[in-house]
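Architecture at a glance
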Amino acid sequence: MKILITGGAGFIGSHLLEDLLSSDNEILVFDNFLTGKKENIEFEGSFKFIEDNFGTKNSLNLIKEFNPQICFHLAAQSSVVVSVGDPLLDFEHNILQPVQLIKTLLTTDCSKFVFTSSGGTIFGEPDILPTSEEDFAGEPESPYGIGKKKLNEIITSMTINTHMSYSILNLSNVYGPRQDPHGEAGVVSIFSNKILNNEKPIIYGDGKQTRDYIYVKDVVNALILSSKIDSNLFLNIGTGIETSVNHLLETIKSEFASDIEPIYQESRKGELLRSVLNSSKAQKELNWESQFSLNKGIKEVVSWLTT
Ligand SMILES: NC(=O)c1ccc[n+]([C@@H]2O[C@H](COP(=O)([O-])OP(=O)(O)OC[C@H]3O[C@@H](n4cnc5c(N)ncnc54)[C@H](O)[C@@H]3O)[C@@H](O)[C@H]2O)c1
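Residues numbered from 1 in each chain as written. Predicted model: local features only at pLDDT ≥ 70, side-chain atom pairs only at ≥ 80, totals over all residues. Heavy atoms only, no water.

**Some details on the sheet that holds strand 1 (residues 2-6)**
Strand pairs in the sheet, formed through backbone hydrogen bonds, run parallel or antiparallel to each other. For the record, the criterion: Two strands qualify as a pair provided that DSSP identifies no fewer than 2 bridges between them. A helix here means a DSSP run of H or I that spans at least four residues, while a strand means a run of E at least two residues long, and both kinds are numbered starting from the N terminus. Lines are fitted to the C-alpha atoms to define the axes, a helix being fitted only along its stretch in contact, and any angle between axes, read from their N-to-C directions, falls within 0 to 180 degrees. The contact rule is simple, with two residues in contact once any of their heavy atoms fall within 4.5 Å.
Across the sheet, which stays open at both edges, the seven strands sit in the order 3-2-1-4-5-6-11 with parallel pairing between neighbours. Single-partner strands in this sheet number two, and they are strand 3 (48-51) and strand 11 (233-237). Taking the axes of each pair of neighbouring strands and ignoring which way they run, one obtains an average angle of 15° across the sheet. As paired strands, strand 1 and strand 2 (residues 26-31) are joined by five bridges and run parallel to one another. Bridge assignment links Thr6 to a residue of strand 2, and that residue is Phe30. Here helix 2 (residues 57-66) sits on the sheet in contact with strand 1, strand 2 and strand 3, set at roughly 170° to strand 2. Packed on one face of the sheet, helix 5 (residues 143-158) meets strand 4 (70-73), strand 5 (112-118), strand 6 (165-171) and strand 11 and runs near 155° to strand 5.

**As for the packing of aromatic side chains**
Spelled out, the test is: The rule is short: rings of Phe, Tyr and Trp, with Trp giving its six-membered ring, pair when the centres are within 6.5 Å, and they are stacked under 30 degrees, edge-to-face over 60, tilted in between. Throughout this description, the term charge over a ring refers to an Arg CZ or Lys NZ atom that lies within 6 Å of the ring centre and within 35 degrees of the ring normal.
This model, assessed by the stated rule, comprises five aromatic pairs. With centroids separated by 6.4 Å and ring planes inclined at 45°, the aromatic side chains of Phe43 and Phe47 adopt a geometry described as tilted. Clustering of aromatic rings is evident, with ring pairs tying together Tyr175, Tyr215 and Phe292. Residue placement shows Lys2 over the ring face of Phe66; its charged tip is 5.1 Å from the ring centre. Lying across the ring of Tyr204, Arg268 places its NZ or CZ 4.1 Å from the centre.

**Re the domain arrangement of the protein**
Inclusion rule: Delimitation of the domains relies on an automatic or database domain assignment. Accessible area that two parts lose when put together, with a 1.4 Å probe and added across both, is what the buried area reports. A pair is scored as a salt bridge if a Lys or Arg side-chain nitrogen falls within 4 Å of a carboxyl oxygen belonging to Asp or Glu.
Partitioning the protein into domains gives domain 1 (2-174 + 214-239 + 278-286) and domain 2 (175-210 + 241-275 + 293-306). Each of domain 1 and domain 2 was reduced to a C-alpha centroid, and the two centroids are 25 Å apart. Summed over both partners, the interface of domain 1 with domain 2 buries about 1900 Å², with 52% contributed by carbon and sulfur atoms. Linking domain 1 with domain 2 are one salt bridge. Glu18 is the salt-bridge partner of Arg178, the closest N and O atoms lying 2.7 Å from each other.

**Describing the side chain of Asn236**
For the record, the criterion: What qualifies as a polar contact is a pair of N or O atoms within 3.5 Å, subject to a donor-acceptor requirement within protein and to the restriction that residues adjacent in sequence count only when both atoms come from side chains.
Along the chain, Asn236 turns up in strand 11. Within polar-contact distance, the side chain of Asn236 engages the side chain of Asn170 at 3.0 Å. Residues within four places of Asn236 in sequence aside, it is in contact with Phe123, Thr131, Ser132, Glu133, Asn170, Leu277, Asn278, Ser279 and Ala282.

**Digging into the environment of Glu26**
Within the fold, Glu26 resides in strand 2. Counting along the chain gives 133 residues from Glu26 to Thr159, while the straight-line C-alpha distance between them is 24 Å. Setting aside its immediate chain neighbours within four residues, Glu26 contacts Met1, Lys2, Ile3 and Phe66.

**Here we look at unusual backbone geometry**
Cis geometry marks the peptide bond from Leu129 to Pro130, where omega comes out at -15°. With respect to the helices, strands and loops of the structure, Pro130 is situated in the loop between strand 5 and helix 5. For Phe33, which is not glycine, the phi torsion reads 60° and is therefore positive. Relative to the assigned elements, Phe33 resides in the loop between strand 2 and strand 3. The backbone phi angle of Arg178 is positive, close to 80°, even though this residue is not glycine.

**What about the site of the ligand?**
Definition in use: A molecule or strand has a residue near it when one of that residue's heavy atoms lies within 4 Å.
Within the structure, the ligand sits among 29 residues, and Ile12, Asp31, Thr35, Ser78 and Tyr144 are positioned closest to it. Between the ligand and Gly10 there is a distance of 3.1 Å, counted from an oxygen atom to a backbone nitrogen or oxygen. Ile12 has a polar backbone atom sitting 2.8 Å from an oxygen atom of the ligand. With three residues, the top contributor of residues to the shell around the ligand is strand 5.

**Thoughts on the pattern of salt bridges**
The full count for this structure, using the stated rule, is eight salt bridges. Bridged by salt links that share partners, the residues Glu250, Lys253 and Glu261 form one connected network.

**Quick word on the nonpolar core**
Condition: By nonpolar core we mean a set of buried residues, namely Ala, Val, Leu, Ile, Met, Phe, Trp, Tyr and Cys, connected to one another through side-chain atoms within 4.5 Å. The buried label goes to any residue with under 20% of its type's maximum accessible area, the exposed label to any with over 50%, and the partly exposed label to all in between, with areas taken from a 1.4 Å probe on protein chains only.
Ile5, Ile12, Leu16, Phe72, Leu223 and Ile237 are the most contacted members of the largest nonpolar core, which has 52 residues in total. The residues that make up this core include at least three from each of domain 1 (2-174 + 214-239 + 278-286) and domain 2 (175-210 + 241-275 + 293-306). Beyond its immediate chain neighbours, meaning those up to four positions away, Ile237 contacts Leu169, Asn170, Leu171, Ser172, Ile214, Val219, Ala222, Leu277, Ser279, Ala282, Leu286 and Trp288. Core analysis: the next-biggest nonpolar cluster, separate from the first, contains 21 residues, Phe30, Cys71, Ala75 and Met164 among them.

**Points about the pairing of strand 2**
The condition is simple: By convention, a crossover is right-handed whenever its connection, traced from the first strand over the helix to the second and viewed with the strands pointing away, goes clockwise.
Counting buried positions over the six residues of strand 2 gives five, a clear majority of the element. Note that the unit made of strand 1, helix 1 (residues 11-21) and strand 2 has a crossover that is right-handed.

**Here we look at the environment of Ala257**
Tracing the backbone through its elements, the reader meets Ala257 in the loop between helix 8 (245-256) and strand 13 (263-265). Exposure remark for Ala257: the relative accessible area of 72% places this residue in the exposed category. Taking the C-alpha atoms as reference points, Ala257 and Ile195, 62 residues apart in sequence, are found 9.7 Å from one another.

Written as structure tokens, this is what we have:
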């Protein structure tokens, strides 16, 4: 298969690339290192890597020339907090460049566009938990969420009556090795790294806010399964398990046998109180299920941080 991956040097993208390299695929990867890292893709396997925005004229020409059969579009300005401070940057990477990409792909043989949308933001502050694909409770609170929701609509509209179908996967909170422990998102890596260094983790708000933490390999599995289905898909990908930030920290602390106490600070703008996804549609349509418990996934993160 000829496969295009945007954002391939990022956290999820690098795991996807590693998995796809184990089969006989010809792979073209774009990443501008906005948040991605060279060391994320320093593994065995043959693929072409281009360090650039995927939406430049030159990149779009290269994509057209490559003529992919599948596009996994993961590149994004991926931080809610950054989007609040710099909405223009967000819309540039998360809407304007993707529109150029889709336009270009429609001139190629690409028959599947797989997009990583955000189940934690597009539904607004949810009324119904676990939240299913239909449970929109209001508009997203952050430019990041608005961008993801708009791009979902743009993908749907631009692919009508074309040869390209889409798989839009609304991911919950993804965690795993290679997630930046120094960033402002990716709380599993951040807390684990702090505890490892005997530093106090910071909790924004009272720590009772909940998230649905899903291990990165479960997400990669869903992305690949969804790429093999011809029809359009709009699916939530999460565990269905609601975990508070306080509970998450306790679970990580027990992994390190640590008794360190967190510092509580004011909650951050644009963040939800509760978030957990209902993924029963994905279970049915992809025959997919999350395989990693939180304890098992945290062990993988700790092992990555300590080796
Ligand atoms: N991590 C999560 O919990 C989560 C949840 C829901 C959705 N997502 C989405 O999944 C995708 C991957 O997220 P991630 O956690 O791996 O984040 P990430 O920041 O590690 O990956 C995004 C990658 O895209 C690259 N990039 C950004 N703009 C680009 C551009 N214009 N051209 C080329 N490369 C560009 C970045 O350098 C980075 O490597 C993103 O679209 C993100 O919004 C992530």
